[in-house]
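Chain and residue survey
The residues making up each chain are set out below.
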Amino acid sequence: SQKIEQNSEALNIQEGKTATLTCNYTNYSPAYLQWYRQDPGRGPVFLLLIRENEKEKRKERLKVTFDTTLKQSLFHITASQPADSATYLCALDGGAAGNKLTFGGGTRVLVKP
Amino acid sequence: DTGVSQDPRHKITKRGQNVTFRCDPISEHNRLYWYRQTLGQGPEFLTYFQNEAQLEKSRLLSDRFSAERPKGSFSTLEIQRTEQGDSAMYLCASRGTGPTEGQFFGPGTRLTVL
């Protein structure tokens, strides 16, 4: 069955440093991979989407890489700020099947001033 | 506010009761999704609609669960004979049909079954 793994341990990082999160998956060939941010008690917020034929995508201080051979995506937050503290969710999008998402368990990031 | 809205935000019910949740998607989005999220986990797909047609249901969606989107606009999710295991956050999301669009999530309905 499909399995998506994100580091369940919280990532504590100092303000200004780069946070790097990992998303590994098995038994799946996603057409797209997406990253979302979720704050406590709120719905996820879409951040970035990367296609299977793209290696890297950037948006402001965010960078995502996608390696379909390793079945892994890395999510980087550069120059992190306390406001970046949240849970970050990786989601696989099969494309043809209505673009439904299969989510990982998320990684909580805490940026300390 | 033109985002996705959900009602109610919180629902406490007793085991065995029926509950119904409503989702109003972004108006121009023809796809609507329901997910369930428990504490410390990512959202799990339940079902999705394209316009008024329900095109896929997860095996998680037992026959106690039913969803509708009668006019291709708002959607309802009903749970009959609730069980304590149904306690979770129920999230609704919508998107258009472009291939590289993300999903826009509502704030969720937190269900507690006593």
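Throughout what follows, the structure given in this document is the object of discussion.

Calculation rules
Residues numbered from 1 in each chain as written. Chains lettered and ligands numbered in written order. Predicted model: local features only at pLDDT ≥ 70, side-chain atom pairs only at ≥ 80, totals over all residues. Heavy atoms only, no water. Helix = DSSP H or I, 4+ residues; strand = E, 2+ residues; numbered from the N terminus. Rg over C-alpha atoms; globule rule 2.2 N^0.38 Å. Buried < 20%, exposed > 50% of the residue type's maximum accessible area, 1.4 Å probe, protein only. Phe/Tyr/Trp six-rings, centres within 6.5 Å; stacked < 30°, edge-to-face > 60°. Pairing = 2+ DSSP bridges. Axes fitted to C-alpha atoms, helices over the stretch in contact; angles between N-to-C directions. Disulfide = S-S within 2.5 Å. Contact = heavy atoms within 4.5 Å. Buried area = accessible area lost by both parts, 1.4 Å probe. Salt bridge = Lys/Arg side-chain N within 4 Å of Asp/Glu carboxyl O.

Here we take up the overall build of chain A. Counting its secondary structure elements, chain A contains zero helices and 11 strands. Tracing chain A from N to C terminus, the helices and strands come up as β-β-β-β-β-β-β-β-β-β-β. Relative to the 2.2 N^0.38 estimate, which gives 13 Å for 113 residues, the radius of gyration of chain A is 13 Å and therefore close to what a compact globule would have. The principal-axis extent of the C-alpha atoms belonging to chain A is close to 40 × 30 × 20 Å. Here chain A holds 113 residues, and the buried ones make up 45% of them.

Now for the packing of aromatic side chains. Residue and element names in this part refer to chain B. Taken as a whole and judged by the stated rule, the model has 14 aromatic pairs over all chains. Seen in terms of ring centroids, Phe-21 and Tyr-90 are 5.5 Å apart; in terms of plane orientation they differ by 45°. Their pairing is tilted. Separated by 69 residues along the polypeptide, Phe-21 in strand β3 (residues 19-24) and Tyr-90 in strand β9 (residues 88-95) bring together distant segments of the chain. Of the two residues examined, Phe-21 and Tyr-90, each falls in the buried class.

To continue, consider the sheet that holds β3 of chain B. Residues and elements named next belong to chain B. Spatially, the four strands line up as an open sheet ordered β1-β3-β8-β7, and their pairing is antiparallel. Looking along the sheet, the strands with just one partner apiece sit at the ends: β1 (5-7) and β7 (65-68). With strand direction ignored, the average angle separating the axes of adjacent strands in the sheet is 15°. Across four bridges, the pairing between β7 and strand β8 (residues 75-79) is antiparallel. What sits directly across from Phe-65, in β8, is Ile-79.

Time to look at the state of the cysteines. Applying the stated criterion across every chain yields a total of two disulfides over all chains. Covalent S-S linkage joins Cys-23 of chain A and Cys-90 of chain A, the inter-sulfur distance amounting to 2.0 Å. Where Cys-23 of chain A bonds to Cys-90 of chain A through sulfur, the torsion about that S-S bond is close to -55°, and the disulfide is left-handed. Here the residue Cys-23 of chain A occupies a position in strand β3 (residues 19-26), and Cys-90 of chain A occupies one in strand β9 (residues 86-93), the gap between them amounting to 67 residues. The same class applies to Cys-23 of chain A as to Cys-90 of chain A, namely buried. Here Cys-23 of chain B connects covalently by a disulfide to Cys-92 of chain B, the sulfurs 1.8 Å from one another. What sets the handedness of the Cys-23 of chain B and Cys-92 of chain B disulfide is the S-S torsion sign, and at about -65° it is left-handed. Of this pair, Cys-23 of chain B sits in strand β3 while Cys-92 of chain B is found in strand β9, placing the two residues 69 residues apart along the sequence. A residue is classified by how much of its surface remains accessible, and Cys-23 of chain B, at 0% relative accessible area, is buried. Residue class for Cys-92 of chain B comes out buried when judged on its relative accessible area of 0%.

Here the focus is the sheet that holds strand β7 (residues 62-67) of chain A. Backbone-to-backbone hydrogen bonds join strands into a sheet, with any given pair of strands oriented parallel or antiparallel. Residue and element names in this part refer to chain A. Across the sheet, which stays open at both edges, the five strands sit in the order β1-β3-β8-β7-β6 with antiparallel pairing between neighbours. With one partner strand each, in any of the chains shown, β1 (3-6) and β6 (56-59) form the two edges of the open sheet. Between one strand axis and the next, the sheet turns through 15° on average, direction left out of account. Here β6 runs beside β7; their pairing, made up of four bridges, is antiparallel. Opposite Arg-58, over in β7, you have Lys-63 as the bridge partner.

Each side of the interface is counted separately: chain A has 20 residues, and chain B has 23 residues. Counting the surface chain A buries against chain B, the share from its top three residues, Asn-99, Lys-100 and Phe-103 of chain A, is 28%. Summed over the shared surface of chain A and chain B, the result is one salt bridge. Elements with a contribution of two residues or more to the side of chain A that touches chain B: β4 (32-38), β5 (45-51) and β10 (101-103) of chain A. No other element matches β4 of chain A, which puts four residues into the side of chain A that touches chain B.

Any functional reading would require information that these geometric values do not contain.
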